[in-house]
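Chains, contacts and geometry: an overview
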Amino acid sequence: MLHLDLRIRCVLPFTFKSSYILFCYNAKTPLNSVNGFHSESPSSSLQTFSPLSSNPTPREYPSAFASALIYSSNTKTPFLGIQNHAQLIKFGFSNDRFYQNNLISMYSKCGDLSSAFEVFDEMPDRNLVSWTSMISGSIQNDEFEMGLELFLEMMRSGLCPNEFAFGSVLKACASMEACQLGSSLHCAALKVGIEANEFVGSSLVDMYAKCGDVEMAELVFEQMNNRDTACWNAMIGGYALNECSRKAIDLLSFMHQNRVIADQFTFAGALKGCSSSDGLKFGQQIHGLVIQNELEMSSSVMNSLVNMYFKADRKDCALMVFNRMKQRDLISWNTVITGYAQSANVREVVGLFSKMFSTGLRPNRVTFSILFRLCGITGDLHLGLQFYCLVYHLGFYDNALIRNSTIEMFSRCGAIEVACCIFENLPTRDISAWNEMILGYNLNGCRIEALQLFRDLHELGIEPNEITYSNILGSCCRTEHQEIGRQIHASLIKSGFSYNHFVCCSLINAYARFGTINDPFKIFLGIKLLDLASWGAMISACLQQGCNHEALVLLNSLREAGEKPDEFVFGSTLNACANISALNQSKSIHLHVIITGFESHLCVTSAVVDAYAKCGDIESSRMAFEQLSREGDAILFNTMITAYAQHGLVEKAVELFERMKEANIQPNHVTFVSVISACSHLGLVEQGRKFFDSINLDHGLIPSAENFSCLVDLLARNGFLEESKEVIENMPFEPWPAIWRSFLSGCRIHGNRELGELAAKHLLQLMPNNDAAYILLSRVYAEGGSWEDAAMVRKMMTESGIRKQPGYSWITI
């Protein structure tokens, strides 16, 4: 178990510090001399003006209160701002439009949007600054729809928007990915004649880039006559965001040729897109430019470099840059903690967190959300509880992001009752909290509870979002949930999410689980702009329904449409090739995998190994495995062990298992399924038993249902029927059809009529229409010479309307 060794420093309470600042302000004490407290740009009027010391008039001190409010905004100290507001009321300035505008700005920047609206609503006379401040404040606080509504209301009042109003609403469109609305605002800017403004132009470029319309962003950028650094930064960042790394580095070079001075935002924006193998090369070039431009002192640039190296899977370089940083802020530590958390390296993350704490920096809500999600992924409830206590100690528990992260952590760790208790005791529940709780129920198999929670949400009038619909569609995983799934489908159409790509992919997956392929195709064909996720979902749906040829046809259609397959598409289509033993198609897809650079992706390589093995080419399977076995991934080893077992090469399978242990790769339940199955096929009963016993004794794992199934098959296949029966009766799981079928098959092989009848009885109770139970039992009777009993079983099968599924085989010509 990992334990945190943290020594929490005494920090001056926020309220006391704010009161102390206010006291100095009233006592005419310069703010930059208070107990080492420094202000970036303290106003002289703020330092000398004391409203309590005399009876000043607005003419004598026109900017004193404004300076105080600006200071509150910059330092994010709402307590100080409220005190200034009270003094404005006391001295009769509360209805002055100049001060009211400053109050709106102060409250908005301090995150108190409701107070800003109260001031705004009380204003008898609003000017353009008033509306712009309110619009900007709403959007800064992520109230995008509210900001857009205010913008429209301002235009209806007859006021012409300025560049700041346009910039704010374009930022909202970018965050909402509302490209159509952004285009309408672009037309409005053209009509007003403000599109040539650098601030509006850079906002338009940023909006189009974030909406994925790179061509339109380029068009706006090229038409700008006066481009400042912010405009260049927006275009470079847009290229990087859309993974156009080459264009980003070319534009950066062109910017240098035009003698435009790059700043830290230029390099930080360009580094955002350098996460692929090609992007790494560009990122390293940008790193050289950072050194050349002497920007190594910029925390934002160095943080972007660390993040880039982590995304490119170069942890050594990321840590080297981090260690060389002269000034590490909280973002620096959060970036490196996130990088190690992505690889689920708990020990390293805890070490970094403790080291950060020892430097005097206090973690924020982002830090704890990273840590809670790491604990959830690794299932480390003990460590999660320590962080949970620390959150309480530091007073962060009221934060919505942290509360939602704790719900996810407890859900993933299997403590669904604790997660539910936290959810039920939340003072206010945003849609993210509902989403986390529904997902938590899904992760713990509580499908009915998830559906009930969605119903409660609907009855309370809370609007679901695309994540809500995706999560609840994941609850409809069985055929009996099909009607509920159709009702949810109707609800999301009514809510306007029927064209959302994310929701459509979830719908395709849900209908595929219902056992139908026509409905997913209808949804797929109804998507206006097919993205890679849509193609991937449809290919996966075909694979689930056994439509392997159709999955390969879709791969060709995807490529003809100009899309590049990702690792998920390659994995699905390779599985389709494996299912139909399509060796030539497997080779073609493997070649395409190599060309596109996905051969280093472990999941894709595992699919290649499996496809070659199931197509009969075990040598190609071995070669693909050897190319990446040095990476030390358990999934890859499991796939190769299974491949050897399928080809009867049991000794090689066992040797590979030993090699896996020598490489310090922790076996998992799937590993033992593979090796025990290999022993079963070669009759190595004692060795198979040892492998099963080692699951708990040597590796501390609790045997899974699949492990017990393999043990039953091992014993039954090799004649240990009584012992196999004891395993079924004593295992900590209720027997399921597949395990009785394996036992019945063993009874047929060894001609045990009595146990065969018992197995068939249990199998038919669980699956009355299963043809395998009748066929295997009839063979037990027939091979034992009881032809009359065999005929009787066949007759019962016919009378029940059950037909044997015909077997088939094929060859590739």
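Just so it is clear, the model here is predicted, and its values are computed rather than measured.

Concerning the overall build of the protein chain
Each helix and strand in the protein chain was counted, giving 46 helices and zero strands. Look at the contacts in the protein chain between residues 6 or more apart in sequence, and 60% of them connect residues 24 or more apart. A total of about 40700 Å² of accessible surface is found on the protein chain, and carbon and sulfur atoms cover 52% of it.

Section: helix α30 (residues 518-526)
For α30, every residue scored as buried is listed here: Asp519, Pro520, Ile523 and Phe524. For α30, the angular spread of buried residues about the axis comes to 135°, placing them on one side. Exposed positions of α30 whose direction lies more than 90 degrees from the buried face are Asn518, Lys522 and Leu525.

Some points on the nonpolar core
Nonpolar side chains in soluble globular proteins tend to be buried together. Ranked by size, the top nonpolar core spans 231 residues in total, and within it Ile286, Phe368, Met437 and Phe743 carry the most contacts. With sequence-adjacent residues up to four places away left out, isoleucine 286 is seen in contact with Ile249, Leu252, Phe267, Ala270, Leu271 and Cys274.

Comments concerning the packing of aromatic side chains
One pass over the structure, following the stated rule, counts 26 aromatic pairs. Geometrically, the ring pair formed by phenylalanine 625 and phenylalanine 637 is edge-to-face, given 5.2 Å between the ring centres and 85° between the ring planes. Placement of phenylalanine 625 in helix α36 (residues 618-628) and of phenylalanine 637 in helix α37 (residues 634-646) is noted, with a sequence separation of 12 residues between them. Of the two residues examined, phenylalanine 625 and phenylalanine 637, each falls in the buried class. The structure contains a cluster of three or more aromatic residues connected by ring pairs, namely Phe353, Phe357, Phe368, Phe372, Phe387 and Phe396. A cation over a ring is seen here: arginine 328 above phenylalanine 322, with NZ or CZ 4.4 Å from the ring centre.

Points about the packing of helix α11 (residues 198-210) against helix α13 (residues 229-241)
Two elements in contact, α11 and α13, have axes whose closest approach is 9 Å; the angle formed by their N-to-C orientations is 0°. As summarised for this structure, α11 and α13 are arranged roughly parallel, according to the angle between their axes. Contact with α11, carried on its side by Glu198, Ser202, Val205, Asp206, Ala209 and Lys210, involves Ala230, Cys231, Ala234, Met235, Gly238 and Leu241 of α13 and no other residues of that element. Of the residues contributing to the contact of α11 with α13, the split by class is seven nonpolar, two polar and three charged.

Structural notes on the environment of proline 565
Among the secondary structure elements, proline 565 is positioned in the loop between α32 (548-560) and α33 (567-579). The exposure class of proline 565 is buried, given its relative accessible area of 4%. A C-alpha to C-alpha distance of 7.2 Å links proline 565 and leucine 532, two positions 33 residues apart in sequence. With residues near it in sequence (within four places) discarded, proline 565 still touches Leu532, Leu555, Leu558, Arg559, Phe570, His592 and Phe598.

Considering a negative patch on the surface
Where like charges cluster on the molecular surface, the negative patch consists of Asp142, Glu143, Glu145, Glu149 and Glu153. Relative to the elements of secondary structure, glutamate 153 occurs in helix α8 (residues 144-156). Owing to a relative accessible area of 40%, glutamate 153 belongs among the partly exposed residues under this scheme.

Describing unusual backbone geometry
Trans is the common state for peptide bonds, and a negative phi is the common state for residues other than glycine. A positive phi is found at aspartate 142, a non-glycine position, where the angle reads about 65°. Its location among the elements puts aspartate 142 in the loop between α7 (128-140) and α8. For serine 581, which is not a glycine, the phi torsion comes out positive at approximately 50°. Structurally, serine 581 can be placed in the loop between α33 and α34 (583-595).

Considering the pattern of salt bridges
For the structure shown, the criterion picks out 19 salt bridges. A salt bridge links arginine 622 to glutamate 619; the shortest N-O distance between them is 2.5 Å. With a gap of three residues between them, arginine 622 and glutamate 619 both fall in helix α36, about one helical turn apart. The class for arginine 622 is partly exposed, based on a relative accessible area of 27%. Beyond isolated ion pairs, a larger network of salt bridges with shared partners links Arg373, Glu408, Arg412 and Glu436.

Observations concerning the side chain of aspartate 566
Within the secondary structure, aspartate 566 sits in the loop between α32 and α33. Nearest to the buried, unbridged aspartate 566 among oppositely charged side chains is arginine 559, at 12 Å. Within the structure, the side chain of aspartate 566 is placed 3.2 Å from the backbone nitrogen of phenylalanine 568, a separation counted as a polar contact. At a separation of 3.0 Å, a polar atom in the side chain of aspartate 566 contacts the main-chain amide nitrogen of valine 569. Sequence-distant contacts of aspartate 566, defined by excluding residues within four places in its chain, comprise Leu532 and Phe598.

Considerations on helix α39 (residues 669-682)
If you check α39, its first and last C-alpha atoms are 21 Å apart, about what 14 residues at 1.5 Å a residue would give, namely 20 Å. Restricting attention to buried positions, one finds in α39 the residues Thr671, Phe672, Ser674, Val675, Ile676, Ala678, Cys679 and Ser680. Lining the buried residues of α39 we find α37, α38 (650-662), α40 (685-697) and α41 (705-717). Once α39 ends, the next one or two residues include glycine 683, with phi positive near 80°.

Re the packing of helix α12 (residues 214-223) against α13
Contact geometry for α12 and α13: axes closest at 11 Å, N-to-C directions at 165°. The orientation of α12 relative to α13 falls into the category roughly antiparallel. Classified by chirality, the crossing of α13 by α12 is left-handed. Two secondary-structure elements touch here, α12 through Val214, Ala217, Glu218 and Phe221 and α13 through Cys231, Trp232, Met235 and Tyr239. Residues that form the contact of α12 with α13 fall into these classes: seven nonpolar, no polar and one charged.

Notes on the state of the cysteines
For the coordinates displayed, the defined rule picks out zero disulfides. Cysteine cysteine 505 shares no disulfide, and the gap to the nearest cysteine sulfur, in cysteine 504, comes to 7.1 Å.

Comments concerning the environment of methionine 308
Take methionine 308: it is sitting in helix α17 (residues 299-311). Here the alpha-carbon distance between methionine 308 and alanine 268, two residues 40 residues apart in the chain, equals 9.7 Å. The contact partners of methionine 308, leaving out residues within four places of it in the chain, are Leu271, Cys274, Leu280, Gly283 and Gln284.

Quick word on the side chain of aspartate 380
Its place among the elements puts aspartate 380 in the loop between α21 (365-378) and α22 (381-394). Contact partners of aspartate 380, with chain neighbours within four places excluded, come to Val346, Cys375 and Cys413.

Rules used in this analysis
- Residues numbered from 1 in each chain as written.
- Predicted model: local features only at pLDDT ≥ 70, side-chain atom pairs only at ≥ 80, totals over all residues.
- Heavy atoms only, no water.
- Helix = DSSP H or I, 4+ residues; strand = E, 2+ residues; numbered from the N terminus.
- Contact = heavy atoms within 4.5 Å.
- Areas by Shrake-Rupley, 256 points an atom, 1.4 Å probe, with all protein chains shown as cover.
- Buried < 20%, exposed > 50% of the residue type's maximum accessible area, 1.4 Å probe, protein only.
- Arc of directions from axis to C-beta.
- Core = buried A, V, L, I, M, F, W, Y, C linked by side-chain atoms within 4.5 Å.
- Phe/Tyr/Trp six-rings, centres within 6.5 Å; stacked < 30°, edge-to-face > 60°.
- Lys NZ or Arg CZ within 6 Å of the ring centre and 35° of its normal.
- Axes fitted to C-alpha atoms, helices over the stretch in contact; angles between N-to-C directions.
- Parallel < 35°, antiparallel > 145°, perpendicular 65-115°, else oblique.
- Nonpolar A, V, L, I, M, F, W, Y, C, P; charged D, E, K, R; others polar.
- Patch = residues over 30% accessible without salt bridge, like charges linked within 9 Å, V, L, I, M, F, W, Y side chains within 5 Å.
- Salt bridge = Lys/Arg side-chain N within 4 Å of Asp/Glu carboxyl O.
- Lys, Arg positive; Asp, Glu negative; His and termini not counted.
- Charge placed at Lys NZ, Arg CZ, Asp CG, Glu CD.
- Polar contact = N/O pair within 3.5 Å; in protein donor to acceptor, adjacent residues only side chain to side chain.
- Expected span 1.5 Å × (residues − 1).
- Left-handed = near helix turned anticlockwise from the far one by under 90°.
- Disulfide = S-S within 2.5 Å.

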